[in-house]
Amino acid sequence: MAVAEKAPKMIDVKAAEAPWWRRWLPLLGVAVIVIYCLAPFYWMVVSALRRPTDQFDNSIIPKVWSITNFTDVFKPGTGFGRALLNSLFVAGTVTILTLIVGMVAAYTLARLEFRFKNFVLAIIITTSMFPGISLVIPLKKLFSDIEWINTYQAMIVPSLSFALPLAVWNLTAFFRQMPRELEQAAMVDGCTPAQAFRKVILPLAAPGVFTTAIITFIAAWNEYLIALSMVNKKSIQTANVVITGFTGTSGRDQPFGSQMAAGVVVTIPLVIAVLIFQRRIVAGLTAGGVK
Amino acid sequence: MVSATAPVPTQEKGTKRHTSFNEGTGRLAALLLSPTLIVLVLVVVYPILSALRESLYTSGQRIDDSGFIIQGSEFVGLDNFSAIFSGETGDRFWNAFYNTTFFTVTCVVLETVLGVAMALVMHKAFKGRAVVRATILVPWAIPTVVSALLWKWIFQADGIANSVLGTQILWSTEGWQSVLSVIIADTWKTAPFIGLLVLAGLQTIPGEVYEAAKVDGASVWQTFVRITLPLVKPALLVAVLFRILDTLRLFDLPYVLVGPNKESVETLSILAFLEANQTRYGPAAAYATLLFVYVAVVAYVFVRVLGADVIGEAAQKKPKKNGNGKGRGRGQGEQDASKPTLLPGLTAGGGGGGA
Amino acid sequence: MRFERSHTRKAVALAVASSLVLLASACGGDDGETGGDSGSTGAAALEGKGPINFATGKDTSGNLTNQVAAWNSQHPDEKVTVTELPESADQQRAQMISNAQIKSDAFSVLNLDVVWTAEFAANRWITELPADQFPDLSKLLPSTLDTAKYRDKLYAVPVTSDGGLLYYRKDLLDKAGVQPPTTWEEMVAACAKVKALPEAKNIGCYAGQFEKYEGLTVNFSEAVNGAKGVVVGDDGKPNVDTPEALAGLTALVEGFKTGFIPKAAITYQEEPGRRAFQEGNLLFHRNWPYVYALANKTDGSSKIAGKFAVAPLPGLNGPGTSTLGGHNYAISEFTKNKATAAEFIKFMSSEERQKANVEKTSQAPTWASLYDDPALNKQFPYLAPLKASIETAKSRPKVVKYGDVTTAIQEAAYGALTGTTPPKDALATLQTKLSTLITQ
């Protein structure tokens, strides 16, 4: 009471007693990590902000700032704006489909006991082991037979090949962590198993589902080979493909400036989303706490 | 019949209602899993089988007298495979095999060491932890393609790497420079992520465990090796497994950074790609099959020998045995065992989508 | 228990059955036809009119859109849509091939690099062109027309060409009182004199394209041909293990060893080389004509605008031989509207189009008379040396499996230039490899 009011604030006794280097070393470590992670990204941003003629200037801070690269990237002919939308659409659809299909599968694998469960899990992990380039050729033949080339589904469906196993793994582990008592309690109260899933489990599994959604989205956004092979019509191509197709004036050069500018444009939304949701992501990682 | 057939362990509490869950489980499971399995069969199993079949054939290699390629494919059995292992192609194959393995071992070890170091730093640093958590997600958020271009840009002969180091290393020529450039580019993107995963694991270790260790007189190193590492191990192992699987299939970094046909960095994926490029689809499929077998074998060994808890079985069984809080340390440790299966998705997502 | 087991068994049986079905279906129709539409005795007349698609790499002239628009307004029922393929030549080829493999009619007119003609023709991915439907062929440079033929049959129409040119710093040579070199030794001597000048002490003497890619094949061929050797002889048989070829290759190797060629040049493709030249770090530079317009830009990107000139390539002991580059337009075998495609090709290869493109970018036209046009020559002083270069240029080997051939050449050349393989051994190995690859 009175003693408690007068009690000194909690101090980090260990830190206060420690030699100066023990206090500053972690901060130094933090600084090193930040530099390690951000230095190339900084270089990317800075390269994009130079004038095209200064592209090969190696000064850390550009002498002349210019947004020419960015305006070049969005010029009508490049189709980059459209490509961004395409990327968004494809990645978003892949994520949604993966979540829907994957959640059902994951819940099944987490809760039901059946003979071939391990076999199914093994299949799912094995299917994500096949080298991506070898998937493309047979699929391209198949898709051309059913006239799917230059369509969105030709990019979405093959992306499920790596998105589904990923999502199923994540979600299975997540659902497994949740105590069975939850559904049992719900069913005691009169829910069917499906209702129990929808009303009780899903809301609690939100962090895990969320994390899986982000992982899947980023994996799908990153996808390059399938998009390159299945689509050659510019209006349907995704951003990754369009970036690598940038040419400069001569057709032989690699216009690093505009490619870096495009890279920044493609990355910044992801970075912002990741920053905003970083608490959720980490929460999803540490969510053993479904208490 | 149901209670006799359902293989649910009968020590489960609350047996009243949950049998309805497991009624006809096999059929129900098949039904619920069918969408997933159908999709996977279509987009993965079909190409795998198609590639297997393709590897037994050869097509478009012979020219008739008027100069045209003879159409149609010819069954050659295992000739494609035996051709890979013989003569000059054999040398090239084993070189690629060595490169692939070398990259995998080096990159994964480096990523893990750096990642764990980062995690430890972030764990200790009370201030700035949020800032660091944010920044380490940046390398992960950059698309793989853009990252490859960026590093190619950095490693130009007249680029910023040479400028900062004050050297004139020709990074894309044969030799240790090209290998190093690939390793740096790969590790940069993935180490921070492992750091994040390990940090998550570290954060679940309760402080009391460390205090107990200190009371017992453990040094910093002993604490790290005997307490931290084992508790983090499940998470780490599965993350490492998925990174290994990804790096074994490494393609775009060496291809974009250094260029094709460079012996120092040629990987098995690149060989498969180059064969397909020359419209030699039979040999390309053979390379892909061999790579697939290699990856599968490594995964199997990892799971069996090192006990990477990929299927999360440990989580299912142990908590039931322990009941409630036998010892918080151990309980927490087992709780950790269930986390690892979440984490591989993150590492895999970082690297797998891009190839 | 019974329930489970029977269901598992069913599931497994289903899986096995479906895999077998898949295998069987995949085993099915994989055999193509061995006969082509146009018999091997003569090209059939091209038929079919309607909309077509033009697959090309990036248009650097800026004129393509206008030209296509002009065509479209004149031919409203036969509209042309342009599909821009990825930047790199390899990716362009890969896309065209994968379309051809599935016999897709997505592309009608293909913009092919000159070295792809043999492969595309032999695989029946492009149609043989009847010479009578293309009356203006005689007006094109003969060496360019040669690249469009496979086994003496016409498969494409050359629309742009490319020949190697020696760019040099006129200002520095004038200061040192040296004439532009016509042989390799003269070039070495000239550089020594120029390096005596105080402002050019550290300048690199010479660079071409020496990275391990197609450009290396070009430079290697030029070195060998310039020494009066051959890679593939006129009889179509490889003959690269000769003293002449060795002399040519050794000159390059010595160049690297003595520092005549800067070390960094081993990583040079066209653009890094051009950059080095434009920064004033190279005295002599072998590159394609496109560099001319860019190096003369006065917007600050080039430090040598107006200070350089072009000359034909020097050979070892006499004038050199450049390797022919360029692009040809071909008709895809699988398009329905071949007649329209033919008309479009004629339209694009006509004199006015080529003239317009020359004026925009320093590309090399295939129309012979354009090189003699006085107005153009005044505006583009590189046209005269370029014509000389193209007229005496040699093509790269016209082989169906060109990819393997160029890889073998790159392997040999890169090994020799980096000092890994002695030049003699490199050539011997190359000769063996080429003999197995080039068997016709």
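Remember, predicted model here, so these are calculated numbers, not experimental data.

Reading the values: rules and limits
Residues numbered from 1 in each chain as written. Chains lettered and ligands numbered in written order. Predicted model: local features only at pLDDT ≥ 70, side-chain atom pairs only at ≥ 80, totals over all residues. Pairing = 2+ DSSP bridges. Helix = DSSP H or I, 4+ residues; strand = E, 2+ residues; numbered from the N terminus. Axes fitted to C-alpha atoms, helices over the stretch in contact; angles between N-to-C directions. pLDDT = per-residue confidence, 0-100. Contact = placed C-beta atoms within 7 Å. Buried ≥ 20, exposed ≤ 12 C-beta atoms within 10 Å, placed from the backbone. Core = buried A, V, L, I, M, F, W, Y, C linked by C-beta atoms within 7 Å. Parallel < 35°, antiparallel > 145°, perpendicular 65-115°, else oblique. Domains from an automatic or database assignment. Nonpolar A, V, L, I, M, F, W, Y, C, P; charged D, E, K, R; others polar.

A. Expanded view of the sheet that holds strand β7 (residues 165-169) of chain C. Residues and elements named next belong to chain C. Strands sit in the order β8-β9-β7-β10 across an open sheet of four strands; the sheet is mixed. If you trace the sheet from one side to the other, it starts and ends with β8 (204-207) and β10 (308-311), each paired once. Averaged over all pairs of adjacent strands, the angle between their axes in this sheet comes to 15°, without regard to strand direction. Where β7 and strand β9 (residues 282-287) come together, four bridges link them in antiparallel fashion. Within the sheet, the bridge partner assigned to Tyr-167 lies in β9 and is His-285.

B. The arrangement of the confidence of the model for chain C in detail. All names here are of chain C. The share of residues in chain C with pLDDT of 70 or more is 90%, and the mean pLDDT across the chain is 86. Counted against residues more than four places away or in other chains, residues 1-8, with its pLDDT under 50, gives 12 contacts. We note a pTM of 0.82 for the whole complex and an ipTM of 0.80 for its interfaces.

C. Representation of the pairing of strand β6 (residues 156-162) of chain C within the structure. All names here are of chain C. Of all the seven residues making up β6, seven are buried; the element is thus mostly covered by neighbouring parts of the structure. Here β6 runs beside strand β11 (residues 325-331); their pairing, made up of six bridges, is antiparallel. Residue Ser-161 lies in a different strand from β11, and its bridge partner there is Gly-326. Here two bridges tie β6 to strand β12 (residues 364-365), and the two strands are oriented antiparallel to one another. Bridging from a neighbouring strand, Thr-160 pairs with Pro-365 of β12.

D. Seen up close, the sheet that holds β12(C). All names here are of chain C. The six strands lie next to each other as β2-β1-β3-β11-β6-β12, forming an open sheet whose pairing is mixed. Taken across any chain shown, the strands that pair with only one partner, and hence form the sheet edges, are β2 (80-84) and β12. Lying over the sheet, helix α12 (residues 338-348) contacts β1 (52-56), β2, β3 (109-113), β6 and β11, oriented at roughly 150° with respect to β11.

E. Spotlight on unusual backbone geometry. Positive phi values are uncommon outside glycine, yet B:Thr279 reaches one of about 55°. Looking at B:Thr279, the number of C-beta atoms within 10 Å reads 20, which means it is buried.

F. Looking closely at the nonpolar core. Ranked by internal contacts, the top residues of the largest apolar core, which has 295 residues, are B:Ala272 and C:Val109. With 16 residues, helix α8 (residues 153-177) of chain A is the single largest residue contributor to this core. Contact partners of C:Val109, with chain neighbours within four places excluded, come to C:Ile52, C:Phe54, C:Ala55, C:Tyr329, C:Ile331, C:Ala341, C:Phe344 and C:Ile345.

G. Highlighting the packing of helix α16 (residues 402-417) of chain C against helix α17 (residues 423-437) of chain C. Residues and elements named next belong to chain C. Where α16 contacts α17, the two axes come as close as 9 Å, and the packing angle between them is 175°. Classified by the interaxial angle, the pair formed by α16 and α17 is roughly antiparallel. The residues of α17 that touch α16, namely those facing Asp-404, Val-405, Ala-408, Ile-409, Ala-412, Gly-415 and Ala-416, are Pro-423, Ala-426, Leu-427, Thr-429, Leu-430, Lys-433, Leu-434 and Leu-437.

H. Main features of the domain arrangement of chain C. Residue and element names in this part refer to chain C. Domain assignment breaks chain C into domain 1 (52-162 + 325-391) and domain 2 (165-323 + 399-437). Computed from C-alpha coordinates alone, the two centres of domain 1 and domain 2 are separated by 28 Å. Counting from both sides, the interface comprises 15 residues of domain 1 and, opposite them, 15 residues of domain 2. For the side of domain 1 that touches domain 2, the secondary structure elements donating two or more residues are α4 (117-122) and α15 (383-391). It is α15 that contributes the most residues to the side of domain 1 that touches domain 2, four residues altogether. Class assignment of the residues belonging to the side of domain 1 that touches domain 2 gives a composition of eight nonpolar, five polar and two charged.

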